[in-house]
Amino acid sequence: GFKIQNFLLLPILTHYLLPEDYGVLSIFNASTRFFVALIPLGMGNLLLVYLIDRKNEYPAYLSSFVRITFAISVLFSLIISIAHLFISDFFGLPTTLAILLPLIALFVVYYETITGYFIYLKKFNQYAKFTLIKFFVEILLVIALVIVIPLNWEGRVSSLIISLVLIVSWGFYFFKKYKILDFKSGNLDYSKELIKKGFPLIFMGIAIMVMELSDRFFIEYFVGLEETGYYGIASAISSVFFMVIVASMNVLRPIIYSEIKQGESQNKINLLTFRYILGLLLFAIFLYLASPFFFDYLISQNFIPAKRLSIPLIWSVFFWGVYSYFTSFFLYFNYTRIIGSLSVVGILTNLILNYYLVLHYGTIGAAYSTLITYFVMSSGLYILYIIFFKIKDPKIV
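Report follows, based on the coordinates. Predicted model, so just to flag it, every value in this text is computed and none were measured.

## Here we look at the overall build of the protein chain
Check the secondary structure of the protein chain and you find 15 helices and 0 strands. For the protein chain, whose C-alpha radius of gyration is 21 Å, the value lies close to the compact-globule estimate of 21 Å for 397 residues. Once the C-alpha set of the protein chain is aligned to its principal axes, its extents read approximately 55 × 45 × 40 Å. Across the 397 residues that make up the protein chain, the buried fraction comes to 54%. In the protein chain, the proportion of contacts linking residues at least 24 apart, taken out of those at least 6 apart, comes to 80%. Computed over 28 positive and 20 negative side-chain charges, the separation of the two mean positions in the protein chain equals 13 Å.

See below:
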């Protein structure tokens, strides 16, 4: 949801914000996504599996999840507060905003948890109502705080925070009303299980964050805030593809889980896999051909240097889509350590490539670092998929 909103707001933001402003926004987005990956401790993906596999116990798991994540976000805010006594600058973000980052990320986690529930149980009317209300509230706030009252990047951040607080509050009210969230049902056993089984998946979340966002920090350090802004614009173009993949996986994962549970034949899942990857390829080609149009007609010419960065980022998202699909099988069978181990490899690969390529080739180096890393990870996971499923258990795939 957030990525498509950022894309749709490009015509507004690029005409009212400078590249330096967009650079600050990129750092803010990167920092927020870091905490979004860290705070759930990998439990978010596990919750969605339990929603299909243990639906009756879901309220108990969800209540435990809310308690744990709230405590973690408060702890991170305290740590940042203490750190600011010794570090005066957090990559250019004001002190107050830096301290609030974990709490902002917490609301993003809750927003994604609520939308995931609606999608996995095919409550599409509720999902549409929920996301559209947030979208229009945020758009109106952006117009008010960026155009009418020119607060620059602060207006964009404020519109996100306000819309998140409003929509998550409404979501929790809905969940409490229909007893989807019941704090009386959760206990220490549920919390222990979520942490134990979910923890290896934290590396998957961190890996995605590192590969998607750490490049901003390398660019800001080695090249400058203006180039970080250009990279943020190019990422917003490729985020259209990211949004399509997330939406596809929200639909496909419940199907995959249900068919595995019911013992469906390998041909059915193989056909689903073929159609998904073919769809990814066709959309990547379409976005590759359409990206010049975005820069020529929708985006301010002040950001034209971002044009050359969008192509490798589009193909990076293609390989991320392949990786995301095959993780579904490992998640269902609780092979979380495998995903965690491969994620650590991805983190190290990306950090090393970012350091070398950004240092020697500038901003374009970050784009190719992301492309290479996702190619390595998707290829590695597919090989493991063949070993663990096609060879060991041909009835599953």
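## A short note on the nonpolar core
Counting 131 residues, the largest nonpolar core has Leu 62, Phe 175, Phe 241, Tyr 325 and Phe 329 as the members making the most contacts within it. Broken down by element, this core gets its largest block of residues, 15 residues, from helix H6 (residues 95-120). Setting aside chain neighbours within four positions, we find Leu 62 in contact with Leu 47, Thr 113, Phe 175, Ile 180 and Leu 181.

## Considerations on the packing of aromatic side chains
Per the counting criterion, the structure on display carries 41 aromatic pairs. Arranged with centres 6.0 Å apart and planes meeting at 35°, the rings of Trp 170 and Phe 174 form a pair that is tilted. Here Trp 170 and its partner Phe 174 are both found in helix H8 (residues 153-177), 4 residues apart, which amounts to about one turn of the helix. When its relative accessible area of 12% is taken as the criterion, Phe 174 is described as buried. When the ring of Phe 326 is compared with that of Tyr 385, the centres are 4.6 Å apart and the planes differ by 50°; the resulting orientation is tilted. Taken as a pair, Phe 326 in helix H13 (residues 307-332) and Tyr 385 in helix H15 (residues 363-391) lie far apart in primary sequence, 59 residues in all. Classification of Phe 326 by relative accessible area gives buried; the value is 2%. Residue class for Tyr 385 comes out buried when judged on its relative accessible area of 2%. Counting every residue linked through ring pairs, the aromatic cluster contains Tyr 58, Tyr 111, Tyr 117, Phe 118, Phe 130, Trp 170, Phe 174, Phe 175 and Tyr 178. A cation sits over an aromatic face here: Lys 134 above Tyr 111, 5.7 Å from the ring centre.

## Overview of the pattern of salt bridges
Scanning the entire structure with this criterion turns up 7 salt bridges. Of the charged contacts, one joins Lys 268 and Glu 259 as a salt bridge, the two residues approaching to 3.8 Å between their closest N and O atoms. Given the relative accessible area of 43%, Lys 268 is considered partly exposed. Taking the relative accessible area as the measure of exposure, Glu 259 reaches 11% and is therefore buried. Each of the salt bridges in this network shares a partner with another, and the network as a whole consists of Arg 54, Glu 193 and Lys 197.

Conventions used here
Residues numbered from 1 in each chain as written. Predicted model: local features only at pLDDT ≥ 70, side-chain atom pairs only at ≥ 80, totals over all residues. Heavy atoms only, no water. Helix = DSSP H or I, 4+ residues; strand = E, 2+ residues; numbered from the N terminus. Rg over C-alpha atoms; globule rule 2.2 N^0.38 Å. Buried < 20%, exposed > 50% of the residue type's maximum accessible area, 1.4 Å probe, protein only. Contact = heavy atoms within 4.5 Å. Lys, Arg positive; Asp, Glu negative; His and termini not counted. Charge placed at Lys NZ, Arg CZ, Asp CG, Glu CD. Core = buried A, V, L, I, M, F, W, Y, C linked by side-chain atoms within 4.5 Å. Phe/Tyr/Trp six-rings, centres within 6.5 Å; stacked < 30°, edge-to-face > 60°. Lys NZ or Arg CZ within 6 Å of the ring centre and 35° of its normal. Salt bridge = Lys/Arg side-chain N within 4 Å of Asp/Glu carboxyl O.

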